[in-house]
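# Residue-level structural notes
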Amino acid sequence: MKSSTPVTAMDTSSTVDKKDKKDKKEKKDKKDKKDKKDKNASTSSSSSSSAAAPMAIDDDDNNTATVAIADKKPAAAAADVDAASKKDKKKDKKKEKDEKPHGEHMVASSAKSKSTESESAAAAAAAAAPEKRKKDKKDKSGDDDRSKKTRVEEAQPAAEEQEVAVFAEASASKSRSDKKFKRLDGGSFRKDFYTLHPTTAAMSQADVEAYRNGHGISIRLPEAHGFAKSAMLNPILAFNQAGFPEDLLTACAGFASPTPIQSQCWPISLAGKDLIGIAKTGSGKTLAFALPSIIHLRDQEALGKSSNQRGPVVLVLCPTRELAMQTAEVYANVASHTGKSSSSVALKTVCIFGGVPKKQQLDQLKSGIHVIVATPGRLRDFIDSGDISLQRVSCVILDEADRMLDLGFEKDIRDILGRVTKDRQTLMFSATWPSAIEAIGREFLAPDTVRVTIGGDELVANDAVTQHVEVLEPFAKDARLLDLLQKHHSSRKNKVIIFVLYKQEAPRVEQMLLRKGWKSIAIHGDRSQADRTAALQAFKTGEVPLLIATDVAARGLDIPNVEYVINYTFPLTIEDYVHRIGRTGRAGKTGTAFTFFTVNDKSHSGELVNVLRETNQAVPDALMKFGTHVKKKEHKLYGLHFRDDAAAGPMPAASRITFDDD
């Protein structure tokens, strides 16, 4: 048996290759034969220029192509033959394509399909290109924004540090570029020491208005106020934004932030402007003027030894001895922290008031003094005797200004301020500011004075004080006082102030309480200044927690932690009532006030009702029975004949009256 040889894939491939070679050879032979015929035809046409009949040229497909060569030049005829030859070549290629093996044809079709798909993909990509470029741009922009944000966040701490450094440097050098003013001794001084903190400057108008509206702050600016930027009036919301050096900021220790009166007044006073500051009792007015005044005096040259060079530089006027002593204590507290660095000088302060020997005060004056806190009477005594010269004074402050410009002080104030340069800076602070007082006060202030009001221009009681008004018979007051003490002073440790009207009442009430076993002490005008000072100190320390006082203690005294105020006798004015109850509820704390109201006080019922309503307090029906009519305010100098020209308008023209002869 013969063995059969297996057919492999290699053999099949070889057979296909031989067939392909044979086909290609046959095609090549046909092509050569065709080219030879074309060449012969071309030669024949070029030699037969007169032939008119068309020449038939056989091609490989036995098709005839007729070329018209009659009436043509030999070159043109040759061109026509070349064109026909090219056409025949195209046909040959088409035929060759048709004769390709089925596999090759499929490959070609697949390639064509792929080409079509590629073209479609390219077209789709081209259509999507703009959107892609937009997306890429957005992504790149987002990356840039994120990168920018990162760079800003990284740079922020460094920028803040640089900002603080620049602010500190600007604050320290501010005085070197300020305008100079003349003193009466021939020297000069500066008034503008304010550098706007970046944080304060960055406050939006909405933020400023929100703060002012939230704290009841209003500002009255003259037309020519002199502020280059409105941001200069933005409130200072943090102590470190005011530009005070560290040693002065110690006076603010224990407070989270400036009070509204401090926040809004510091930019104005530090800028050297005259100022009227109106705020309720216990609102921090003392520091509102004390710290800027110290910045002012630190810029002055050193004190001299001659009488007109010993100072003072800053003059503070107060209506009562107790208020003067309290204000001097604030300056002394600040002084205890000054002079400890090379950039500051030791602050020298003296308090001048009557009722004590002059020698000790005089000795302090002769050694040179920066700040004098004084009552007007004793100050005039020293001025008239030549022991004090005001030629170096460049800053004047009136504390409780409404009282300072009232009857009994106006003449002294005119005399004192007449001895100070007119270029001075004048600051006036008060809890009340009647229009009659403003008319007088404006005589001592510059035309560009700014007025800052916290609450309202009229009298406003401290809303942190709960007020209770009890209508009693005059003889029932002692028993009711003992009942209140038994209820609210049972520990005999909490501080209570009992206000009386007349100085004769104070010792009588004191003796009555002592007989009943209540440890108490009184201050009034008939006691010496040494006794008054000792009594006040005993009350402040808590050694004697029950104080009986006349209105001498009602104005401006800041005694910490007074829980209750009892008005045993109603005061002569509603202003004094507000000042009395303002001894409690201070420094952010709350307090309670009890007031005994009798038929003898009925002329004040209308005013008292208004005060109670304005602070949302309960108004007893018994009080309403006295009526709510408010009497026209009497001027302390001119009585009911005083006319407020600002409110009433111009005086009418005089008229001539004639009478008949009969």
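An unreviewed UniProt entry lists the chain under the name RNA helicase, from Capsaspora owczarzaki. Of the comments in the UniProt record for the chain, the one headed Sequence similarities (unreviewed entry) reads "Belongs to the DEAD box helicase family. DDX5/DBP2 subfamily." Database annotation for the chain, UniProt heading Function (unreviewed entry): "ATP-dependent RNA helicase required for 60S ribosomal subunit synthesis. Involved in efficient pre-rRNA processing, predominantly at site A3, which is necessary for the normal formation of 25S and 5.8S rRNAs."

### A short note on the sheet that holds strand 14 (residues 495–499)
The six strands lie next to each other as 13-18-17-14-16-15, forming an open sheet whose pairing is parallel. Each edge of the open sheet carries a strand with a single partner, namely strand 13 (465–471) and strand 15 (521–523). Direction aside, neighbouring strands of the sheet carry axes that sit 20 degrees apart on average. Here helix 16 (residues 505–515) sits on the sheet and contacts strand 14, strand 15 and strand 16 (546–549); the angle it forms with strand 16, its principal contact strand, is near 155 degrees. On top of the sheet, helix 19 (residues 605–614) reaches strand 13 and strand 18 (591–597); it is set at about 150 degrees to strand 13, its chief contact.

### Here's the deal with the pattern of salt bridges
Applying the stated criterion across every chain yields a total of 23 salt bridges. Close ionic contact of D247 with R298 constitutes a salt bridge, the shortest N to O distance being 2.6 Å. Note that D247 is positioned in helix 6 (residues 246–249) and R298 in helix 8 (residues 285–298), a separation of 51 residues in sequence. With its nearest N and O atoms 3.2 Å apart, the salt bridge here joins D415 to R380. Here D415, found in helix 13 (residues 410–417), pairs with R380, found in helix 11 (residues 376–384); they are 35 residues apart in sequence, far enough to count as distant. The network of salt bridges with shared partners includes R380, D384, D412, D415 and R419.

### Re the pairing of strand 16
Burial along strand 16 is two-sided: L546 and I548 facing one way and L547 and A549 facing the other are all buried. Relative to strand 16, strand 14 runs parallel, the two being bridged by four bridges. Its bridge partner lying in strand 16, F499 is registered against A549. For strand 15 and strand 16, the ladder comprises three bridges, and the chain directions are parallel. What sits directly across from I521, in strand 16, is L547. As for the winding sense of the linkage, the β-α-β connection from strand 15 through helix 17 (residues 529–541) to strand 16 is right-handed.

### Brief notes about the nonpolar core
By size, the foremost hydrophobic cluster in this structure holds 56 residues, and its most contacted members are F244, L291, V314, V316, Y331 and V452. The element contributing the most residues to this core is helix 8, with eight residues. When residues no more than four places from it in sequence are discounted, the contact partners of V452 are I217, S218, I219, I261, Q264, C265, I268, L275, I276, G277 and I278. In this structure, L365, A374, I383 and L390 belong to the second largest nonpolar core, which totals 33 residues.

Thresholds, definitions, all that
Residues numbered from 1 in each chain as written. Predicted model: local features only at pLDDT ≥ 70, side-chain atom pairs only at ≥ 80, totals over all residues. Heavy atoms only, no water. UniProt positions renumbered as here; feature names shortened; annotations may be inferred. Pairing = 2+ DSSP bridges. Helix = DSSP H or I, 4+ residues; strand = E, 2+ residues; numbered from the N terminus. Axes fitted to C-alpha atoms, helices over the stretch in contact; angles between N-to-C directions. Contact = heavy atoms within 4.5 Å. Salt bridge = Lys/Arg side-chain N within 4 Å of Asp/Glu carboxyl O. Buried < 20%, exposed > 50% of the residue type's maximum accessible area, 1.4 Å probe, protein only. Right-handed = clockwise from strand over helix to strand, strands pointing away. Core = buried A, V, L, I, M, F, W, Y, C linked by side-chain atoms within 4.5 Å.

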